[in-house]
Each structure stands twice: as C-alpha cells, then as structure tokens.
Amino acid sequence: MNVLLLGSGGREHALAWKLAQSPKLTKLFASPGNPGIAEHAEIVEIKDGDHRATIDFCLKKTIELVVIGPEAPLVDGLADNLRTMGFAVFGPNKEAAQLEGSKGFTKDLCAEANIPTARYERFSSAEAAIPALANFGLPVVIKADGLAAGKGVVIAETSADAEAAVEGMFDGNFGKAGAEIVIEEFLVGEEASFFALVDGETVVPFGTAQDHKRVGDGDTGLNTGGMGAYSPAPVLDDKSIDRVMTEIVKPTVETLANRGTPFNGVLFAGLMLTESGPQLIEYNVRFGDPECQVLMMRYKGDLVELMYAIAQGELGGMEKPRFSADSAMTVVMAAKGYPGTPEKGCKIDKIEAAEAKGAKIFHAGTASEDGKLVASGGRVLNVTAMGKNLKKARDAAYSAIEKVDFADGFYRSDIGWRELERS
Ligand code: AMP
Ligand code: GLY
C-alpha cells in the first residue's frame, strides 16, 4: 500500500522508520519530511495547509493511507477533507480534534462526562476573568484556549502574576489562541503520558511515557516541547491504567461518538497522578514528540496494518498491540538558544558512529546543505536507545550522545531522573 506521512519532526521520523518496516508498505511518501525521514520515504513538496493539493497528490499517487503527524492540520480539518474524498486517514476530524484545539472544549466535555480534571472556568474577557481568579487560590493555572505550540499555559504563584497573565493573553501574547482563556485549579502530583488508539468506537491502550518539559537539569528553566522521554512509565501501573481507561479515556471516546463526532487516531492524555487518582491535564490528538520515539522503539507490530485498521474502523478485529518489555529512552539534542531563538546551520556529524551500538537517532530539526547535515530547528536530534531496564536504556542513550559531533548542541543530562531515583 502507498502511504503518505505528513510532518517533519522527530515524531514523524520515528513513524516513518516504523512504517517502513512493514511488509504491507509499497511506497512511503512524506511531506515536508526531513533528512532522517528521507532515508525511509520519498520526500514530496505539498504546500502546508493546502488541502486541495494534498488531495490531488493522494489521487495521483494512489495513496491508500494518510498519516497526519502534527495537530495543526487536524484542527484545521484536513482529515475531514481527505475522508470526504474517500481516503483512509489516521488522525481525527476537525470537531474531535477540538480536544487539543480548544482547552475549554475539553473541560466542558470532562464536566459533561464526569471525567476527573482540575476545577475550571472559561472566560472571554479580562474584566470577567480577573475577579474570578480569587476562586482558585494560589498557584493558579491560566491557559490560552487555542493552539499555542505548547506555550499557552501560565502557572502563576502570585495574584499579580496571575492578573498579568490574564491581561497578557487578552492582549494577544498568544495571538488568536488567547481570545478565550481557561482558569483552573493547580493540581499536585506527578505527570505521566498515556496513549490510546481509537477507531471511533474501540479504544486500546498504546503505552505510557514520561516527558521532561523544562529545558534544564532538575526540571529548571523555561518550558519546551519536551527534552527527553522514556517508556514505559512505571508510575502508571496496571491499576492506574485501568482507572485512566475507565474514568477518562473511554467516557471521552463515548461522548464524542454519541455526539456524532467520533475520534479516530491516537488520543494522548497528559495526566496528573494525584493523591485521589489520575486526573486529566490535557488531551493531544496526535502522538507526543518525543514520546512517540520511545513508543515506536518498543512497539513490535506492523504499524501500516495497525494504522490502516484504525482508519477503517476495524481496530476491534486486531490483536492487542505488543510492546517490548524493555525500556526505551530518548534524549533531545537541542540547538543553543532553544527554546528561545535557536542557532541554525551548525554542522552535525558522526551519526553513524553514535548508532553503531544499536542506538537510533531520529532527526527533529535537521536540514541537508550541500550534502552535509546541519541543524535547522530548536530540537535537532533525538538520541534513542533501548535497554533491559531504564538504567541500561539511559546508559546506552547517553553513550551514543557523546559520540555525536554537534558543537552547538546541548541536552539534559538527567532524563528519567524520577524513575531512576525510585529504582
Ligand atoms: P499543557 O500545555 O496543558 O500540557 O500544560 C503545560 C504544563 O502545565 C503541563 O505539562 C503541566 O506541567 C502544567 N499544568 C497544566 N495544567 C495544570 C494544572 N491544572 N495543575 C498543575 N499543573 C498544570
Ligand atoms: N511532548 C509533549 C507533546 O508532544 O505535546
């Protein structure tokens, strides 16, 4: 089968790598792709956001499955348009993608379906929001409603900071995403990521992971898209997973199906494991980046077959996804300046040497210049390795990272610290 993969990050490189291993694959196309993805796919140029051009490409190349990596095209309704034209798509339609596209949408759905999540209120003006801050105590969490590339959340420790955050959002600090906001109660606990595959009706767990959002060691410094991850995340034990499925994920999927707007694809639940049990922090409607990289390392099945079955509403007939019992870790190498303005153009070398002992390096922000690999984004490489346990996976990932020649690169040295301290 011919498959089109959309996206250009480390997540999409991991997906391309796994899709390319499938005996069911005839040819993989990717747009816009990156030099790592190019090892597994033919890179094609389809104008970003041009749904008509995407459909034309799929018709011309008889694409039988479209895999949409990032959230923006999903929230923009690309899956709807492809489905209307008869294509099988992995990824939700626009309305179901509101789970990520609007924080208020998700909170209202949680209220309707009695899903455990932080107490909240929605606002569309600073005048209404500021007096309500007093209902939440401190710290208080203030969120831009719409997509803000992972940056639209402020945790305010003082009333002054909270008011400034509210004012800033309505002043356009996050653009249109902040035209509405959600104020919510601060939850205390440990965070973990849970993934579920959904074909509209059937829901199947697809692994756990823990990300590291802050740029610096010891979880310090600015928020990023994620500086490293590992899977599985033992804090999400079988009992917690049962609770997450029963109390959070299944009611979400049922509510959307009952509304006539079923969810299709991967549902990524960001959870807070509180004293009273798991609570939903947020949903994403696509794989996590870099969580996807560690899931793909551990996943043992045929990804083309699995994604196609989901796209066709046939997940119920598939055997349960199998994962390696080993641990996987990925460490992000970022370019100096990230998460502010990263330095671009630095040469990258010795990838093969770093991969020699079984590590896998996924490209997140690289470009090819005169045949040489250079950094072209904030998060540049995802150095990923497996091991019998988390410590072995960690040692393998860090020993590979030391071999990579990337002068402007930096990385966190403590990925997995919570779990490693426990074990
Ligand atoms: P989000 O973009 O919704 O993932 O939020 C970014 C980060 O803010 C999360 O990963 C949490 O660390 C934190 N966060 C969001 N909502 C809450 C909350 N209600 N209580 C505590 N921390 C939160
Ligand atoms: N790593 C967090 C995310 O993909 O949203």
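Keep in mind the model is a prediction, meaning the values are calculated, not measured. (Residues numbered from 1 in each chain as written. Chains lettered and ligands numbered in written order. Predicted model: local features only at pLDDT ≥ 70, side-chain atom pairs only at ≥ 80, totals over all residues. Heavy atoms only, no water.)

Draft legend 1. Main features of the overall build of the protein chain. A count of helical and extended segments in the protein chain gives 14 helices and 22 strands. Against the globule reference of 22 Å for 423 residues, the protein chain gives a C-alpha radius of gyration of 21 Å, in line with a compact fold. C-alpha extents for the protein chain along the principal axes are approximately 55 × 45 × 40 Å. Per-residue burial over the protein chain gives 57% buried out of 423 residues. Counting contacts in the protein chain only where the partners sit at least 6 residues apart, residues at least 24 apart contribute 68% of the total. Counting only carbon and sulfur atoms, one obtains 48% of the accessible surface of the protein chain, whose full area is about 17,600 Å². Within the protein chain, one finds 44 positive and 60 negative side-chain charges whose respective centroids are separated by 5 Å. (Helix = DSSP H or I, 4+ residues; strand = E, 2+ residues; numbered from the N terminus. Rg over C-alpha atoms; globule rule 2.2 N^0.38 Å. Buried < 20%, exposed > 50% of the residue type's maximum accessible area, 1.4 Å probe, protein only. Contact = heavy atoms within 4.5 Å. Areas by Shrake-Rupley, 256 points an atom, 1.4 Å probe, with all protein chains shown as cover. Lys, Arg positive; Asp, Glu negative; His and termini not counted. Charge placed at Lys NZ, Arg CZ, Asp CG, Glu CD.)

Draft legend 2. Examining the packing of helix H6 (residues 103-113) against helix H9 (residues 238-258) more closely. Two elements in contact, H6 and H9, have axes separated by 10 Å at closest approach and are oriented at 100 degrees. Here H6 lies roughly perpendicular to H9, going by the angle between them. Residue-level contacts link Phe105, Leu109, Glu112 and Ala113 of H6 to Pro251, Thr252, Thr255 and Leu256 of H9. Split by residue class, the contact of H6 with H9 holds five nonpolar, two polar and one charged. (Axes fitted to C-alpha atoms, helices over the stretch in contact; angles between N-to-C directions. Parallel < 35°, antiparallel > 145°, perpendicular 65-115°, else oblique. Nonpolar A, V, L, I, M, F, W, Y, C, P; charged D, E, K, R; others polar.)

Draft legend 3. Up close: a nonpolar patch on the surface. Taken together, the side chains of Val153, Ile155, Phe186 and Val188 make up a nonpolar region of the molecular surface, amounting to roughly 340 Å² of accessible area. Among the structural elements, Val153 can be located in strand S8 (residues 153-156). (Patch = residues over 30% accessible without salt bridge, like charges linked within 9 Å, V, L, I, M, F, W, Y side chains within 5 Å. Salt bridge = Lys/Arg side-chain N within 4 Å of Asp/Glu carboxyl O.)

Draft legend 4. Examining the site of ligand 2 more closely. The full set of residues close to ligand 2 is Asp211, Lys213, Gly225, Phe268, Asn284, Arg286, Gly288, Asp289, Pro290 and Glu291. Within the backbone of Gly225, a nitrogen or oxygen atom sits 3.0 Å from a nitrogen atom of ligand 2. Protein contact buries 90% of the 200 Å² of open area that ligand 2 shows by itself. Residue classes in the shell around ligand 2 are distributed as two nonpolar, three polar and five charged. (Near = heavy atom within 4 Å. Polar contact = N/O pair within 3.5 Å; in protein donor to acceptor, adjacent residues only side chain to side chain.)

Draft legend 5. Structural view of the pattern of salt bridges. All told, the structure shown has 25 salt bridges when counted by the stated rule. Between Glu71 and Arg286 there is a salt bridge, with its nearest N and O atoms 3.1 Å apart. Of this pair, Glu71 sits in helix H3 (residues 71-75) while Arg286 sits in the loop between strand S16 (277-284) and helix H10 (291-298), placing them 215 residues apart in sequence. For Glu71, a relative accessible area of 17% puts it in the buried group. Taking relative accessible area as the criterion, Arg286 reaches 12% and is therefore assigned buried. Between Lys391 and Asp395 there is a salt bridge; the shortest N-O distance is 3.0 Å. Of this pair, Lys391 and Asp395 both sit in helix H13 (residues 390-401), four residues apart, roughly one helical turn.

Draft legend 6. Representation of the packing of aromatic side chains. Summed over the entire model, instances satisfying the criterion amount to 10 aromatic pairs. Members of the aromatic cluster, connected to one another through ring pairs, are Phe90, Phe195, Phe206, Phe268, Phe287, Tyr299 and Phe323. (Phe/Tyr/Trp six-rings, centres within 6.5 Å; stacked < 30°, edge-to-face > 60°.)

Draft legend 7. Main features of the site of ligand 1. Within the structure, ligand 1 sits among 15 residues, and Glu184, Glu185, Leu187, Glu191 and Glu282 are positioned closest to it. One of the side-chain nitrogen or oxygen atoms of Lys143 is found 3.0 Å away from a nitrogen atom of ligand 1. One of the side-chain nitrogen or oxygen atoms of Glu282 is found 2.8 Å away from an oxygen atom of ligand 1. Listed by contribution, the elements that provide at least two residues to the shell around ligand 1 are strand S7 (140-144), S8, strand S9 (181-185) and S16. Among the residues forming the shell around ligand 1, the class breakdown is eight nonpolar, no polar and seven charged.

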